[in-house]
There are 2 protein chains.
Amino acid sequence: MYEQLEDAIQRLIYLKPEEKLLLRQLFVPKYLEKGDYFLRAGEPCQHVAFIQQGLLRYYLLGDGEEFTYSFAKEHNFVSDYESLLSSQPSKKSIQALESCSLLVTTYENFQLIYQQFEEGERLGRLLLETVFVKIIQQLTSLYQDSPEERYKFFLEHFSEIQQRIPQYYVASYVGVKPQSLSRIRRRLGI
Amino acid sequence: MYEQLEDAIQRLIYLKPEEKLLLRQLFVPKYLEKGDYFLRAGEPCQHVAFIQQGLLRYYLLGDGEEFTYSFAKEHNFVSDYESLLSSQPSKKSIQALESCSLLVTTYENFQLIYQQFEEGERLGRLLLETVFVKIIQQLTSLYQDSPEERYKFFLEHFSEIQQRIPQYYVASYVGVKPQSLSRIRRRLGI
C-alpha cells in the first residue's frame, strides 16, 4: 500500500530504510466517495494527502459561482498549502471527482518529516516548488490568456486525465460557460 | 553592506561563519533608478535579489492593461519564482518604484546555498513558503473579495509602505480605477 508513496518521494530525495518505516506510521489510509470533500472552504486545512487512486478538483467561490482552478490525480499530493502554512481558514474547497484512495497525514507529521528525515527539508522545498509553479501559472493565466490558450494549456498539462473530467469543470477551469467551450473545441477540431 | 542580508537569513536559519563569507561572494551589489526594471516580461528570470533599500512592484499585463499584484520593500527578497523554477520566459515585470539598492545573485548560486549550507534547503523551503502564501492570497482574493476588502487587506499587509506607493498602483492592486479607490477611501474615512 505504501510503495507508491515511497516511489513518489524517492523521485525527489533518497529515503533510508528507517525513514520508510516512519512514513508508514505517519500516513494513514482514507477513502473518499465521488463528491466527498477532502477540504471545505471555511475550515482550516490541517492535512496533506497522497493520492493512491482517484481524481480531485480544487475550486474557489467568487460571486456565488464555483471556479475550478486545478486538478490532482493519483501519485500527486493534495493540500491547501496557503491555509496549511498560514493557519487561516481555507478559501478553497477540494472535492473528489471520483472515488479516491488516499494516504493522509497531519501538517505536524509533515513537519516531522522536514526535521527528522535526512533530506526532509529538500523534499519540502521540491514539493512546494511543484505546487507553486502549477498554481501561479493557472491563476496568472486567467488575467493574460484567451480562453482558447487556456484550453490548450489544459490539454497539455492534463492530457492523461482530460477524459475523466466532466466538461463543465473543464469549462470552469478555462473560465468560460460550457457552450463556449464546445465552440472552442469545434474551432480546434476536437 | 551584507549585514542586512545576513540578518534576514538568520531570522530563518543558523549561519556558520564560513557560510557568511560565502554569502559575500555569491551576492553582488546592483543599483536601480526609479522606473528601472529588475525583470521584464518575456525574459527568463535568472536572478534573486535581496532589497537593501527601496521599493519595487510586480505586475502582469492582461488585455494591454497593467495589473500590479504585489510590492516588495527593503529586507525582502525579490524574484519571479515561477520563471526561475520553470526556466520559462517570465509573464511578469518587476519595476523599481524608488531608487533601489540590491544584492543580486544567480539562481545557480542560490542552488549552491541549498546544497552547501547546512540549513540551505530549510532556507529555500521557508523563503518559498512566505512568497507562496503572499502571492496566492492576492491572486485568489481577486476572485473572491470586494474591492473594499482588498483595500483593507492592502492597508493591513503594506501598512509601513502605503505612503510610498502612488495611488494609481494601489488602485491597480485593489483592481479598480483610481476614482473608485478614492470613493472607497472616503467611505472608510481615510
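This text gives an overview of the structure that appears in the document.

Quick word on the overall build of chain A
What chain A contains, in helices and strands, is eight helices and eight strands. Its C-alpha atoms give chain A principal-axis dimensions of roughly 55 × 35 × 30 Å.

Section: the sheet that holds strand β5 (residues 65–73) of chain B
All names here are of chain B. An order of β2-β7-β4-β5 is seen for the four strands of this open sheet, with the pairing classed as antiparallel. Bordering the open sheet on either side are β2 (37–39) and β5, each of which pairs with just one other strand. Direction aside, neighbouring strands of the sheet carry axes that sit 30 degrees apart on average. Here β2 runs beside strand β7 (residues 92–96); their pairing, made up of two bridges, is antiparallel. Bridged to Tyr37 within β7 is Gln95.

Looking at the relation of the copies chain A and chain B
Structural alignment of chain A on chain B gives an RMSD of 0.0 Å, achieved by rotating through 180 degrees and translating 0.0 Å along the axis. In short, the pair behaves as if placed about a two-fold rotation axis. When C-alpha distances to the rotation axis are compared across chain A, the minimum falls at Arg125(A), with a value of 2.2 Å.

Quick look at the pairing of strand β5 (residues 65–73) of chain A
Residues and elements named next belong to chain A. The sheet contact formed by strand β4 (residues 55–62) and β5 spans eight bridges and is antiparallel. Within β5, the residue paired with Tyr59 across the bridge is Thr68. Counted between consecutive antiparallel strands, the loop separating β4 from β5 contains two residues, among which Asp63 sits at a positive phi close to 55 degrees.

Comments concerning unusual backbone geometry
Glycine aside, the phi torsion of most residues is negative, and most peptide linkages are trans. A positive phi is found at Ser87(A), a non-glycine position, where the angle reads about 60 degrees. By the element assignment, Ser87(A) lies in the loop between α3 (81–86) and β7 (92–96).

Notes on the interface of chain A and chain B
Facing the 24 residues of chain A at the interface are 24 residues of chain B. If you list the elements that add at least two residues to the side of chain A that touches chain B, you get β4, α3 and α5 (120–144) of chain A. With 15 residues, α5(A) is the largest single contributor of residues to the side of chain A that touches chain B. Broken down by class, the residue content of the side of chain A that touches chain B amounts to 12 nonpolar, six polar and six charged.

Topic: the sheet that holds strand β8 (residues 100–106) of chain B
All names here are of chain B. In spatial order, the strands read β1-β8-β3-β6; together these four strands make up an open sheet with antiparallel pairing. The open sheet terminates on both sides in strands that have one partner only, identified here as β1 (28–32) and β6 (77–78). Judged from the two bridges that link them, strand β3 (residues 47–53) and β6 form a sheet pairing that is antiparallel. Across the sheet, Ala49 pairs through a bridge with Val78, a residue of β6.

Describing helix α7 (residues 167–174) of chain B
Side chains three or four residues apart in an α-helix point the same way, a direct result of the helix having 3.6 residues per turn. Restricting attention to buried positions, one finds in α7(B) the residues Val170(B), Ala171(B), Ser172(B), Tyr173(B) and Val174(B). On its buried side, α7(B) packs onto β5, α6 (147–157) and α8 (178–187) of chain B.

So, the nonpolar core
Residues Phe38(A), Ala49(A), Leu56(A), Phe38(B), Ala49(B) and Leu56(B) are the most contacted members of the largest nonpolar core, which totals 92 residues. Once residues within four sequence positions are removed from consideration, Phe38(B) is found in contact with Leu32(B), Ala49(B), Leu56(B), Val78(B), Ile94(B) and Ala96(B).

Considering the pairing of strand β4 (residues 55–62) of chain B
When a strand is regular, its side chains alternate between the sheet's two faces. Bridging between β4(B) and β7(B) involves five bridges; their strand directions are antiparallel. Bridge pairing links Leu56(B) to Ala96(B) in β7(B).

Some remarks on the packing of helix α6 (residues 147–157) of chain A against helix α7 (residues 167–174) of chain A
All names here are of chain A. It is at 9 Å that the axes of α6 and α7 come closest, and there the two elements cross at 120 degrees. In terms of orientation, α6 and α7 fall into the oblique class. The two elements α6 and α7 meet at a crossing, and its hand is right-handed. Residues Pro147, Arg150, Tyr151 and Phe154 of α6 pack against Val170, Tyr173 and Val174 of α7. When its residues are assigned to classes, the contact of α6 with α7 shows six nonpolar, no polar and one charged.

Focus on the packing of α5(A) against helix α5 (residues 120–144) of chain B
Viewed as axis vectors pointing N to C, α5(A) and α5(B) meet at an angle of 25 degrees, and their least axial separation amounts to 9 Å. It follows that α5(A) is roughly parallel to α5(B) by the angle criterion. Two packed elements cross with a definite hand, and for α5(A) against α5(B) that hand is left-handed. Residues Glu121(A), Arg122(A), Gly124(A), Arg125(A), Leu128(A), Glu129(A), Phe132(A), Ile135(A), Ile136(A) and Leu139(A) of α5(A) touch α5(B), and the partners they reach there are Glu121(B), Arg122(B), Gly124(B), Arg125(B), Leu128(B), Glu129(B), Phe132(B), Ile135(B), Ile136(B) and Leu139(B). Of the residues contributing to the contact of α5(A) with α5(B), the split by class is 10 nonpolar, two polar and eight charged.

About the cut-offs
Residues numbered from 1 in each chain as written. Chains lettered and ligands numbered in written order. Predicted model: local features only at pLDDT ≥ 70, side-chain atom pairs only at ≥ 80, totals over all residues. Helix = DSSP H or I, 4+ residues; strand = E, 2+ residues; numbered from the N terminus. Pairing = 2+ DSSP bridges. Axes fitted to C-alpha atoms, helices over the stretch in contact; angles between N-to-C directions. Least-squares fit on C-alpha atoms with pLDDT ≥ 70 in both. Contact = placed C-beta atoms within 7 Å. Nonpolar A, V, L, I, M, F, W, Y, C, P; charged D, E, K, R; others polar. Buried ≥ 20, exposed ≤ 12 C-beta atoms within 10 Å, placed from the backbone. Core = buried A, V, L, I, M, F, W, Y, C linked by C-beta atoms within 7 Å. Parallel < 35°, antiparallel > 145°, perpendicular 65-115°, else oblique. Left-handed = near helix turned anticlockwise from the far one by under 90°.

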